[in-house]
Amino acid sequence: MNEIEISDLNVSFKITDRKVKVLKDLNLNIESDKISVVLGKSGCGKTTLLKAIKGLIPIEKGIIKKENLNISYVFQEPRLMAWLNVYENIIFGLKKQEVNNKNIDELIDMIGLRDFKKAYPKELSGGMCSRVSLARALATKAGFILMDEPFAALDYFTRLHLQRELIRLYKLNNFGVLFVTHSIEEAINIADVILIMDQGKIKKKYHKVYMEKIGISKLRSEILRDLEEEVVWRKY
């Protein structure tokens, strides 16, 4: 089994005349065949971690070993091209020789948008656009997908539906996921592993076996305690 191995990772940003350290000597092994969810409060370094893994930002210190994994990135917004239809958005970024129409059609069927293959983003709902964004990541034959709060702007019911869709596609396509969220409910719904992040470090790991053993109610209470925050539980 391949892993993404992160050792002593440090990332800082310069803000005006100050140097702000966002990731601080972070150590983490991420299983490449699981859905791992990074859960934490805003500003704790979740998005910075994803960007560092993908190589979108420079790292100050540390090592990230990715074992030749083909990694795709799904942003908070779908980032679809308004002038391209569903099919064209999915193949956007692929080289001409990499485009296999049969495979792309199967992917469009898989995300339930067969009747919208020629539709443009303005003709799609928010949930549909999110599915196209995920399909675009899968079209690259990615072995691992980084997902930065991709469902955060959606209503509760659409969000729940897409969480189930993600699990279904994960089981069908044999890829790993590192998913960022600030929603405890979302983490519990989709994760094989929950990583609690606080102040630039991974504070605690919860594995599936333990989560199932203690049950949702106790798990939620433990996570809230880990985050050192009094939160009134609510559904998103």
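Not measured: the values here are computed from a predicted model.

Undergrad: Would you take a moment to explain the packing of helix H4 (residues 126-139) against helix H5 (residues 156-173) for this structure?
TA: Describing two packed helices takes the angle between their axes plus the distance from one axis to the other. The geometry of H4 relative to H5 is characterised by a closest axis approach of 10 Å and an angle of 20° between their N-to-C directions. In terms of their interaxial angle, H4 and H5 are classed as roughly parallel. Crossing hand, H4 versus H5: right-handed. Here Gly-127, Ser-130, Arg-131, Leu-134 and Leu-138 of H4 come into contact with H5, specifically with Thr-158, Leu-162, Leu-166 and Leu-169. In terms of residue class, the contact of H4 with H5 is built from five nonpolar, three polar and one charged.

Undergrad: What is the right way to read the pattern of salt bridges from this model?
TA: It is possible for side chains of opposite charge to pair when their charged atoms get near one another. Under the criterion given, the structure shown has 12 salt bridges. Ionic pairing is found between Glu-31 and Lys-34, a salt bridge with its closest N-O pair at 3.7 Å. Here Arg-168 ties to Glu-165 by a salt bridge, and the two come within 2.9 Å at their closest N and O atoms. Here Glu-165 and Arg-168 lie together in helix H5, a separation of three residues that amounts to about one turn. Each of Glu-31, Asp-33 and Lys-34 takes part in salt bridges that share partners, so that together they form one network.

Rules used throughout
Residues numbered from 1 in each chain as written. Predicted model: local features only at pLDDT ≥ 70, side-chain atom pairs only at ≥ 80, totals over all residues. Heavy atoms only, no water. Axes fitted to C-alpha atoms, helices over the stretch in contact; angles between N-to-C directions. Helix = DSSP H or I, 4+ residues; strand = E, 2+ residues; numbered from the N terminus. Parallel < 35°, antiparallel > 145°, perpendicular 65-115°, else oblique. Left-handed = near helix turned anticlockwise from the far one by under 90°. Contact = heavy atoms within 4.5 Å. Nonpolar A, V, L, I, M, F, W, Y, C, P; charged D, E, K, R; others polar. Salt bridge = Lys/Arg side-chain N within 4 Å of Asp/Glu carboxyl O.

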